[in-house]
Amino acid sequence: MKKVKIGLTVLALSTYVLKAQTTQIVRWANTIGGNSTSTTVRVEDAIKGMVEDGKSNTYVIGNYTGTISFNEYTAGINGVAQTPMTIKTFNSVSGSQDVFVARYDINGNCTFATSIGGAGFDEGNAICMSNPATPSDFYITGMFNLSMTVEGTTLNAINSGYQVNDAFIIRY
């Protein structure tokens with residue numbers, strides 16, 4: 001049985017993913033984080049959910065404010081990362097909180113990363129696989145207010161305003 005631990009470093013408010021074997025030997029570890037120049041909102045990067053597929057890829061969903069970067073590798077044979085690596089950087093819209101989704105291969109290399117968000121507060125809460133044994137599609141859920149953009153498609157909130165949130169579900 002493989003164990004995956006999620007943690008939050010208190011001082012830097014950055015998130016990390018740690019994958020260990022049952023004997024607690026660390027197989028890989030990665031930091032997910034960025035920076036923000038905001039002086040009006042608390043800046044925090046956090047993983048909110050995680051799932052592993054049948055090929056030992058780890059999928060995470062979380063939230064960030066400001067800028068977040070991933071060292072992304074091209075997925076090769078069986079999903080294992082290959083070179084070259086690119087740095088994929090996202091900026092939250094209007095300095096508010098946005099959502100990130102990322103996939104890590106068996107060696108801890110990021111092979112997919114994306115950001116979704118809009119002018120209001122956006123929060124990703126959960127991620128699951130449609131069929132973990134034969135990975136293809138995965139779903140994410142969360143909440144947003146005002147509007148948010150997902151891969152070029154805009155979702156508009158039914159209830160509008162900064163204090164009112166609507167739920168979303170997205171299939172990748």
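A. Quick peek at the overall build of the chain. Within the chain one finds zero helices and 14 strands. Classification of the 172 residues of the chain by burial places 41% in the buried group.

B. Here's a closer look at the nonpolar core. Residues I116, I127, F138, I140 and F168 are the most contacted members of the largest nonpolar core, which totals 16 residues. With 13 residues, the next largest nonpolar core counts V60, F70, F90 and A113 among its residues.

C. How the structure looks around the confidence of the model for the chain. Residue-level pLDDT values for the chain average 77, and 71% of them are 70 or greater. Within the model, pLDDT remains below 50 along residues 1–14, and this stretch shows 42 contacts once partners closer than five positions in the same chain are excluded.

D. Molecular detail of the environment of N165. Assignment of secondary structure puts N165 in the loop between strand 13 (153–156) and strand 14 (166–171). Sequence separation of N165 and D122 is 43 residues, and the distance between their C-alpha atoms is 8.7 Å. Ignoring anything within four residues of it in the chain, the contact list for N165 reads F121, M143, F144 and N145. Side-chain polar atoms of N165 contact the side chain of N145, separated by 3.3 Å.

E. Local environment of the packing of aromatic side chains. Applying the stated criterion across every chain yields a total of eight aromatic pairs. For the ring pair F70 and F90, a centre distance of 6.3 Å and an interplane angle of 65° mean the geometry is edge-to-face. Residue F70 is found in strand 6 (residues 67–75), and its partner F90 is found in strand 7 (residues 81–91); the two are separated by 20 residues along the sequence. Note on F70: relative accessible area 3%, which makes it buried. When the centroid spacing of 6.2 Å and the interplanar angle of 70° are considered together, the rings of F112 and Y172 count as edge-to-face. You can see F112 sitting in strand 9 (residues 110–116) and its partner Y172 sitting in the segment after strand 14, a full 60 residues away along the chain. You can call Y172 partly exposed: its relative accessible area is 22%.

F. Local environment of the pairing of strand 13. Where strand 12 (residues 147–150) meets strand 13, four bridges bridge the pair, whose relative direction is antiparallel. Bridge pairing in strand 13 links V150 to T153. In sequence, strand 12 turns back onto strand 13 through a hairpin of two residues, with E151 there showing a positive phi of about 50°.

Thresholds, definitions, all that
Residues numbered from 1 in each chain as written. Predicted model: local features only at pLDDT ≥ 70, side-chain atom pairs only at ≥ 80, totals over all residues. Heavy atoms only, no water. Helix = DSSP H or I, 4+ residues; strand = E, 2+ residues; numbered from the N terminus. Buried < 20%, exposed > 50% of the residue type's maximum accessible area, 1.4 Å probe, protein only. Core = buried A, V, L, I, M, F, W, Y, C linked by side-chain atoms within 4.5 Å. pLDDT = per-residue confidence, 0-100. Contact = heavy atoms within 4.5 Å. Polar contact = N/O pair within 3.5 Å; in protein donor to acceptor, adjacent residues only side chain to side chain. Phe/Tyr/Trp six-rings, centres within 6.5 Å; stacked < 30°, edge-to-face > 60°. Pairing = 2+ DSSP bridges.

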